[in-house]
Structure formats: C-alpha cells, structure tokens
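# Examination of the molecular architecture
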Amino acid sequence: MAIERGTPRGTPVGWAPPVPRGANSTGRPRVASRRVNRYRAQRVVADVLTYFGLLVALLFFLGPFFWILTTSLKGNEDFFAFPPVWIPADPSLAHYVALFTRSSGARYFTNSLVISTLSMFAALVVSLPTAYAIARWRFGGGFLSTFLLVLRMLPAIALIIPIYIMYKMFGMTNSYLGLVVVYTVLYVPFAVWLLVGFLREFPVEIEEAAMIDGCSRLRALVQVIVPIIAPGMAVVALFAFIATWNEFLFAVVLTGIETKTMMVLVTSFTSGGTDMFYGEASASVVLGVLPAFAVAFVLQRYLVKGLALGGTKG
Amino acid sequence: MRLAAFAMKRKQWEPFAFASPSLVLIGLIIVFPLAYSFWLSLHDFDLSVGPDYNFVGAKNYIEAVFRDPRFLGSVWNTAVIIAPSLVAELLLGLGLALLLSRVARGRPIITALLAIPAMVSPVMAAMAWRMMFGVKFGAINNLGRQLGLIDLYFDWFGSTGMAILTVVLVETWHNTPFMMLVLLAGIQSIPQELYDAAKADGATPWQGFWSITLPLLKFTMAVGVMIRLIDLTKLFGLIFVLTYGGPGSSTETVAFTTYLAGFKDFRMSYAAALSYVIVGGVLVLTLLFMWIQRLREARA
C-alpha cells in the first residue's frame, strides 16, 4: 500500500523549488539564476497566498466556536448592547452555574459521560473477539465485511421505530441500559472494521508462541495481543466515545426526563425562537463540543480513517 | 488420536464462539427490528388511534410513494439541500486540501484545527449557527449592523430560500473538513516524481494540477462524495435544531418527515413504511458506492 516517495514527509506536494541556488546543471548560469529568482518570488507570493487562504478558512471554521465561547462568558446586559460586545469586559461563569442548577445541566452532562463511557467499553469488548475471528480465520469471508459495510450505511431512522416499540414493550425506554445497548451495537461494525486492520498487522508468531506455552486462545488475545495493540484500541475507543456523545436521534426518542443527554438538553433551548436563552444555550454548546476538541488533537493521525468510516456518526 | 479430533472440532467452533457476541447483538438490535419494522409497515398500527392493527398489505407504501405530498416534498427538499452542499463541500474541501498540501510548517496542527467542525455533533453545530443567525442577538446580524451592511435585523429563517441556504451553509461548514481530510490523504499519496517529471518536460503548475492531481484524485473524490451523499440522506439532527423543518415544511428532509410521522403523529406503521422507502434509496446508493470502490481497487 505504501507508496515510495522521493521526498521526505512534510515536503509540500506540487511545485518544489526547481534548482537550488548555485547548483544549476544547465550550464547557463545567468539565465538560470534569473529564472531561479523569478521562481523564488513566485514561491514567496504563493506561500503568502496559501497561508492567507488557510487563515480565512480557520476564521470561518473556528469563528463560531470562538463566538459561542465568548457569548457563554458574557453578562446578560451584553446581549442587548450596541455596538455589540464581541469580547466580554468582565467574563463570568454565571451562565454555566445557571445551566448546572436551573436546567439540571449537571445531571445531563453526567448522563452523557456515563452512557458514552459504558458504550465505549461495551463496544470494544464485543467487537474485539469478532475482529479476531475475521482477522485470523477469515470468519464469514467477504460476506461478513460487506454486511458490516451495509450496516454502517443503514439509516438510523429505519431502526428507531421498531426499537422504540420494542423498548416500550420491555420498559427499556428512559434507561441507561437501553441506550447503551443500542449505541454498542451501532458501533460494532465500525469498531470491528478498524480492529481487524490492527489485528492483521499483528504478527501471528507471538500469539502462537504464547499458545505453545499453554495459553488458551482467549487468554492469548487478552493477555498478549491486547497490551500490544492497546494504542489502536484507544483510537477505536475514543471514536466510539465521540460517536455516542454526539448521537441524537436515539437519544431524543428513547430518553426521558432523567436520562436525557447533552444533545437533548441543547434542543430544549430552541423553544424561544431564534432569540432564546443565549447564556445557557451557549454554555451547553461549549460543554457539548468539548470532547470533539480534545479528541481532534489526540487523534490527528487517525482522523481520516475514523471519519471516513463514520466514526463520529452514531 | 482423540486429541487431534478434539483439536479439529475446537477449530470449527472457535470462530463462531469468538464472533457470536456481536453477531447475537446485531441480530437482536438490528436484524430483528428491521424484520419487525417490515412486518409493521404492512399493517395499520397507529398509536394515536389505539393498540389494534390490521393487515393492509402495501397500502402504506402506495400512500408514501404516490399520495403523500409531504413525503414527496421532503424527498425534493433533501435533494435541494444535498446538491449544493455536495458541490460546496467538494470544491472547498479540494481547495483546502491543496492549500494544506503546500504547507511545510505546522500542517498537522492546522489540519487538526480545521477538522474540528467534522467532529462535533450536528446538533451542536446547528445550535451554534442558530445562535449566530439569531435575529436580535446573533453574531451575523450584529456584525452586519456594525459594518453598516444591513439597517434592520434580518430574519435568516423567514423565507424558504433563505432557510435552505442557511441549512446548506451550516452543513457545508460542518462537513467540508471531512472532505478536506479525505482529499488531503489522496493528494499526499500521489508520488512527487510525477510532478518532477512534468516539470522537467516544461509543464506549468496549472497543467500539473489538471493532468496529474485531478485525474489521480478522481476516485478519492468519488468515494468522498459518495460517503457524504449517503450520510446526507440521513440529515436529521441539524434540521431538528436549525429550522425544525420550517418555515412551513420547506426544509423537512426524508428522515425528519419520517420522525414526525412516527413520533408526532404516532403513525408507527406508516413511519416504518417511509423508513423502508428511505432504506431502498440508501441501498441503491450503497451499491453504487461499492461499485465505485471496486473500480478504484481494480485501477490501483
């Protein structure tokens, strides 16, 4: 898979400087050096434009977060001020306090944390043996992997109606368990997919050595393989955490007053039209996007793989 | 001898034992509900009427596909939202990926920063933008007034056209980073030698882009667009928070209309039928996606 590259990592792809100064091979020094100068000028202009473009992009993509953060720290009088207050003169945490007390934000934040953490661990525990079966025995052949891909594409809306009726019958709505079970299962296809990749890279010899020494296969998996592929599993776990943290459709349908998650809490602020409780609403958005910020930095290298397979979509 | 036989047997049941936990769960929480939902879609189970139901055959499907202007309208709305979003995400994503590929210093950190919108929940993205578009306290109206661009507060969700435009804008903001990451990976896998060779032959950077980058990026772009297309058919949380389908039902997507049929009108059977129509559409798109992927693997 790896493509041999002629340039080291980090070298810009496209148009590298053509000829280093003083080292031209054309045998026509004057013309070449003039050309070099022109290329250098072009490069400087191109670099400036590149960084300028990226700066504009950063403003566009991060501006809303900045505005939400400052809004959550403003006093109520700042909302009405004109000219508008962009950065509050005396930032306060009053809206966070109000969110945690008046709107039971503490409870819903805890709900989100508990549900995401439980689903994350459950998804790993359930997926690992399956991934192992696929990686070592080619269990299910091409059918199983196609099946998992189809499951990943399956719209959640097709599941919510039957699951809602089933949960109503068994009294599983408004419970942690109900939501954790759904999130775990929804995450299995993605987790299996990633874990198979990690397991395939794992040298069979090591676990065979462990099994010759009298280790059972399951024990070899847990005690020999898991510690070594732990970094990979952490990636899967963090994506699982984000996905369940972000999930909305099942949360809004299956939770009741006690088990609401942050995603459901946020929607309760929209009832005031477009000019709602800005303070508490913005504070809840800040708390709601916190994990995404943390994980984006931790998982830099894995973002493409994770996002492409739907890692953050519940 | 006995030991060998046992080993054989063990080999046969072990894969099943290892795979069973997730397969059982998938069966219980995905496969069975889907089957139950199909059974449901052939009846007239309506919680707003009562717990009784009768077999009605394909009636729900016929109503959905031929007689329900709201659902058909939502199919149209979904298409109207998807088309410009995909174009904007592809073009912006490609532009950003090209810019990032030129950057030698600080690329990982800039990439991570730009990727953040794709990591947040659609609900949170929509909420942030809903506040940005707020009539009196929103950042956009305030900025517009401060710069003298608008005199009066402007209602961004007042008309159908503006509402769709804001949905497209937020969706583009939310998922362009995904496209950027996919395309950046694609660009980085193009061997530098190709550019060097083109340069030696006297090609301009522009020619290099048209004859090397674009052709080699074609399949990556197709895969990225297909993934976004399939995910966009599920657009729900963003609509729920940003417009709640309004004004009227002009921004209701298929997933949102199905949600309303099920959990506002409580027409469970009808909602199940609607969801199966959606699954049919997504299945076609998924097959298309797998075909493209196979094509790419064949070329690679």
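The next thing to look at is the domain arrangement of chain A. All names here are of chain A. Once the domains are mapped, chain A shows domain 1 (29-80) and domain 2 (94-308). Computed over C-alpha atoms, the centres of domain 1 and domain 2 are 35 Å apart. Listed by partner, the interface residues are seven residues for domain 1 and eight residues for domain 2. It is helix α1 (residues 29-73) that provides the largest number of residues to the side of domain 1 that touches domain 2, a total of five residues. Per-class residue counts for the side of domain 1 that touches domain 2 are four nonpolar, three polar and no charged.

A few words on the packing of helix α3 (residues 69-102) of chain B against helix α7 (residues 160-188) of chain B. Residue and element names in this part refer to chain B. For the pair α3 and α7, interaxial distance at closest approach is 6 Å and the crossing angle is 40°. Regarding the angle of α3 to α7, the classification is oblique. Once α3 is placed against α7, the crossing between them reads as right-handed. Considering only residue class, the contact of α3 with α7 consists of 19 nonpolar, seven polar and two charged.

For helix α11 (residues 254-263) of chain B, a buried count of eight out of 10 residues is recorded, marking the element as mostly surrounded by other parts of the structure. Looking at α11(B), one finds that the buried residues are B:V254, B:A255, B:F256, B:T257, B:T258, B:Y259, B:A261 and B:G262. Turning to α11(B), the residues buried within the fold contact α6 (157-170) of chain A together with α3, α10 (237-242) and α12 (268-299) of chain B.

One recurring pattern in soluble globular proteins: nonpolar side chains tend to sit buried together. Among the nonpolar cores identified, the biggest contains 166 residues, and A:A191, A:L195 and B:M127 are the most heavily contacted of them. In terms of residue count, helix α7 (residues 176-201) of chain A provides more of this core than any other element does, 18 residues in total. Here this core spans two domains, since at least three of its residues come from each of domain 1 (29-80) and domain 2 (94-308) of chain A. The contacts of A:A191, once residues within four sequence positions are left out, are A:A123, A:L124, A:S127, A:V236 and A:A240.

How each quantity is defined
- For every chain, the first residue of its written sequence is number 1, and the numbers climb from 1 along that sequence.
- Throughout, the order in which chains and ligands are written sets their labels, letters from A for the former and numbers from 1 for the latter.
- With the structure being a predicted model, the display of local features is reserved for residues of pLDDT at least 70 and the display and counting of side-chain atom pairs for 80 or more, all residues being used for whole-chain, interface and lining totals.
- Domain delimitation in this document rests on an assignment produced automatically or drawn from a domain database.
- Residue pairs are scored as contacts if the distance between their C-beta atoms, which are placed from the backbone, is within 7 Å.
- Labels follow the DSSP assignment, with helices taken as runs of H or I lasting at least four residues and strands as runs of E lasting at least two, numbered in each case from the N terminus.
- Residues are sorted three ways: Asp, Glu, Lys and Arg are charged, Ala, Val, Leu, Ile, Met, Phe, Trp, Tyr, Cys and Pro are nonpolar, and all the rest, Gly among them, are polar.
- Geometry is summarised by axes, namely lines fitted to C-alpha atoms with helices restricted to the contacting stretch, and by angles between N-to-C directions that run from 0 to 180 degrees.
- Roughly parallel covers angles under 35 degrees, roughly antiparallel covers those over 145, roughly perpendicular covers 65 to 115, and oblique covers all other angles.
- If you view the pair so one helix is near and one far, a crossing is left-handed when the near helix is turned anticlockwise from the far one by less than a right angle, and right-handed when it is turned clockwise.
- Exposure in this text rests on C-beta crowding, where 20 or more other C-beta atoms within 10 Å of a residue's own make it buried, 12 or fewer make it exposed, and counts in between make it partly exposed. The C-beta atoms are placed from the backbone.
- By definition, a nonpolar core groups buried Ala, Val, Leu, Ile, Met, Phe, Trp, Tyr and Cys residues that are joined through C-beta atoms within 7 Å.

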